[in-house]
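Observations on the three-dimensional arrangement
In case you want the letters, here they are:
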Amino acid sequence: MTVLLEFREGIRSFYGKYEVYLLPVLKFLLAFSAFMMINHKIGYMERLDSLPLLLILSLVCSILPMAVMLLAAGALITLHCYALSMPAGVIMFVLFAIMYLLYFRFAPGCAWNAILTPIACALGIPYVMPTANGLLQHPVAVIPTVCGIVTYYFLNGITANETSLGVMGEDEDLIGKFQEILKQFAENREMYLTIAVFVLITLVVYVIRRLSVDYAWTIAIVVGMLVQYLGFFAGYLEIGMSSMTMRLTVGCGISVLLLFIIQFFFFNLDYTRTERVQFEDDEYYYYVKAVPKRYVSVKAKTVKKISANSRNRRAERDRVTRQELMEDMDIDMDDEQ
């Protein structure tokens, strides 16, 4: 455990020292991953499917606020959808406008959630997001997470029906395309199941981790993931998607490991040294429970250079000290020899 704590403190110290450089790098990697995923999934506009363009766009997003990254991702998705079908582009634009307004109104500091959620869904581990929201943030952080879910499932619907949406017909067929897109979006029961479970888990985990009990975060992770697994399992059976249960099991297992890593870095307490303090003022009695964090200082490494000059000086010093000692004891150097 000491080695792990030293490793954690080393990472924290390194990030704190070089945060001004590391944060733009992390934002660049996140933006580039999101843009690459968008082009890979719906690369209908060839002009946007360009590596130099994505690199420049990611570089710009790395030095600007996270809201700009959201705006860039929304514009990229809208243009790709418009290249496939005008109705798809219009509906995507309206959805992004609504989600952007909700983001700025309720959770302007949680842009990471809206970007990370579709990426986590694509990787098969979306189950980490609601629990992480409840552990690290306020329940309103579920709003950008839900926006990410809506975006992911809308793009899935677009790609599943790209053949029919991409066929150009007469003007009256335009209305039919609008209806087809809205229908597949409104009837996506998996999306509604995911939103409902994510909102529930965020609230459950948030309430549990704020309780004044030992191992609150551990209990929140275990209960949250268990309820989430059961909720998705029952939901998949209800909507006729029993084939998703294997993916659910693997995804929840990986998510649990990631969540305990998050706990280790952000909330690692030593409950064996818990202290309870009671004091009062003129109006109240206060009962305080203090739990210390697990902390170990990083060992500072010192390098001592030994040169030939230093060895000669040390030998000369030892010789002078020996000679002074013999003179004090009235011992003749010749006699000793």
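Let us look at the structure shown here.

Quick notes on the rules
- Residues numbered from 1 in each chain as written.
- Predicted model: local features only at pLDDT ≥ 70, side-chain atom pairs only at ≥ 80, totals over all residues.
- Heavy atoms only, no water.
- Helix = DSSP H or I, 4+ residues; strand = E, 2+ residues; numbered from the N terminus.
- Contact = heavy atoms within 4.5 Å.
- Areas by Shrake-Rupley, 256 points an atom, 1.4 Å probe, with all protein chains shown as cover.
- Core = buried A, V, L, I, M, F, W, Y, C linked by side-chain atoms within 4.5 Å.
- Buried < 20%, exposed > 50% of the residue type's maximum accessible area, 1.4 Å probe, protein only.
- 1 Å grid on protein atoms, 1.4 Å probe; cavity = no way out; pocket = protein on both sides within 12 Å on 5 of 7 lines; lining within 4 Å.
- Points joined across faces, edges and corners; volume = space filled by probe spheres on them.
- Nonpolar A, V, L, I, M, F, W, Y, C, P; charged D, E, K, R; others polar.
- Patch = residues over 30% accessible without salt bridge, like charges linked within 9 Å, V, L, I, M, F, W, Y side chains within 5 Å.
- Salt bridge = Lys/Arg side-chain N within 4 Å of Asp/Glu carboxyl O.

Counting its secondary structure elements, the protein chain contains 15 helices and 2 strands. The contacts of the protein chain with a sequence gap of at least 6 include a subset with a gap of at least 24, amounting to 71%. Here the protein chain has roughly 20600 Å² of accessible surface; of this, 64% comes from carbon and sulfur atoms.

This part is about the nonpolar core. Within the largest apolar cluster, 69 residues are counted, with the highest numbers of intra-cluster contacts made by Phe 35, Ile 77, Met 92, Ile 115, Phe 154, Phe 232 and Tyr 236. If we ignore the near neighbours within four places in the chain, the residues touching Met 92 are Ile 77, Thr 78, Cys 81, Phe 154 and Leu 155.

Here we take up the layout of surface pockets. If you add up the space inside the largest pocket, you get close to 1100 Å³. Counting only elements with at least two residues in the lining of the largest pocket, the list comes to helix H1 (2–17), helix H2 (19–42), helix H6 (111–123), helix H7 (128–136) and helix H13 (245–266). Here the element with the most residues in the lining of the largest pocket is H6; it accounts for 7 residues. Class assignment for the residues of the lining of the largest pocket results in 22 nonpolar, 4 polar and 2 charged. Its volume calculated, the second largest pocket comes out at about 340 Å³. Around the second largest pocket, the lining is made up of 23 residues, and of these Ile 77, Phe 96, Ala 114, Pro 118 and Thr 151 lie nearest the centre.

Among the surface-exposed residues, Tyr 82, Met 86, Val 90, Phe 93, Val 94, Ile 98, Leu 102 and Phe 106 lie close enough to one another that they form a single nonpolar patch of about 720 Å² accessible area. It is helix H5 (residues 86–106) that contributes the most residues to the nonpolar patch, 7 residues altogether. Within the fold, Val 94 resides in helix H5.

Here the focus is H7. When you tally the buried positions in H7, you get 8 out of 9 residues, the bulk of the element. For H7, the complete set of buried residues consists of Val 128, Met 129, Pro 130, Thr 131, Ala 132, Asn 133, Gly 134 and Leu 135. Taken together, the buried residues of H7 touch H6, helix H8 (142–160), helix H11 (189–209), helix H12 (216–238) and H13.

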